[in-house]
Amino acid sequence: MFDKLKGPMLYKDSDGLTKQIEILEGMKEKASGETKNQILKEIRLLEYGEKGEKAVLYELMNSFMPMLILRDLRLEYENKSAQIDFLAITRKVVYVIECKNLFGDILVNESGDFIRTIHFNGKKIREGIYSPVTQNKRHLDLIKAVRKEDKSNMVFKMMFEKCFDDNYKSIVVLANSKSLIDVRYADKELKKLIIRHDQLISHIRKTDSMSKNEESSDKKMEEMAESFMKLHIPSQMDYTAKYDLQNVQEEKEADDQVEIEEKQQKSLYEFLKAYRLQKSREEEVKAYMIFSNAQLEELVNRKPESLEQLMEISGFGKVKISKYGEDLLKIITR
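Rules of the game
Residues numbered from 1 in each chain as written. Predicted model: local features only at pLDDT ≥ 70, side-chain atom pairs only at ≥ 80, totals over all residues. Heavy atoms only, no water. Axes fitted to C-alpha atoms, helices over the stretch in contact; angles between N-to-C directions. Helix = DSSP H or I, 4+ residues; strand = E, 2+ residues; numbered from the N terminus. Parallel < 35°, antiparallel > 145°, perpendicular 65-115°, else oblique. Left-handed = near helix turned anticlockwise from the far one by under 90°. Contact = heavy atoms within 4.5 Å. Buried < 20%, exposed > 50% of the residue type's maximum accessible area, 1.4 Å probe, protein only. Expected span 1.5 Å × (residues − 1).

1. What to know about the packing of helix α3 (residues 132-150) against helix α4 (residues 154-167)
Look at α3 against α4: their axes get within 9 Å of each other, and the N-to-C directions meet at 155°. Classified by the interaxial angle, the pair formed by α3 and α4 is roughly antiparallel. Once α3 is placed against α4, the crossing between them reads as right-handed. Note on element contacts: α4 touches α3 through Lys 157, Phe 160, Glu 161 and Phe 164, opposite Leu 140, Ile 143, Lys 144, Arg 147, Lys 148 and Glu 149.

Here it is, written out as structure tokens:
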């Protein structure tokens, strides 16, 4: 009767998925070549993941259930780590939610393997993907280990371990509504762990109603949330080190130099071509008689800086050089 929490509360939001994307967007402008492609790929993956998480968060925040929601929780224990998408603490159960915004059609076979089928250029491509159920199971194992370590004596540790499966439940949420999910061949228990995001709240309500746990008060729920907040270790992803900004800048400068040179080549070609046309009209002869396309390209590539160097180009003898040499050198120098 003293409980005041009537609906969901976002107790902890993401540490900065949007900020990570912004950092990468800034790096993208400085990058080029393969490094830029890698950054673009990472941005797309983060954006895709964020879209899926937002869909799940929307369902949780519109559940009208009293629950505390911790998003983007990172735990470490004995050189192992777990990046938990959502921890939803209701009055009866703690839900460890793994969000997957998978594309393509997903089949879960009798062995629990996840097989994706995508359609590309009229062809079906089948591939195995890492099981999010296995991934979330590892998250639960780490939570069990780290929470058990907090218990003060062996009796409490044994009680905690015995009741763990009743108090903590794994849910794998597939957030892409366009993906088809086929779990008819999957094990019965496995089927219970895999749901679509629009079924999330009904699944939680049903699990809570079937739970024999006593209802927790607001205070106990907050204590639980705070205990996880103390264990949380923010991710320190260093994108600068990952993509080596020094190399990124060097690649960018190299690409810029290539672009400048290409523009100069193109510009020089057009100037020489215009000069040839002007002279052909003045002398009333065909343009190729001034100098051919092959000679034009050689002028652009070699960029002679003196009459002697100009004479090294095939077809440029004393007569041509005396007539056009000085003009050509001025155009090339400019």
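2. Quick look at the side chain of Gln 295
For Gln 295, the location among the structural elements is in helix α11 (residues 293-302). The buried category is assigned to Gln 295, whose relative accessible area is 11%. Excluding residues within four positions of it along the chain, Gln 295 makes contact with Ser 314, Gly 315, Phe 316 and Lys 320.

3. So, helix α7 (residues 218-231)
Between its terminal C-alpha atoms α7 stretches 20 Å, which fits the 20 Å expected from 14 residues at 1.5 Å a residue. Restricting attention to buried positions, one finds in α7 the residues Asp 218, Met 221, Ala 225, Ser 227 and Phe 228. Considering only its buried residues, α7 is in contact with β1 (8-12), β2 (67-77), β3 (80-89), α3 and β8 (168-174).

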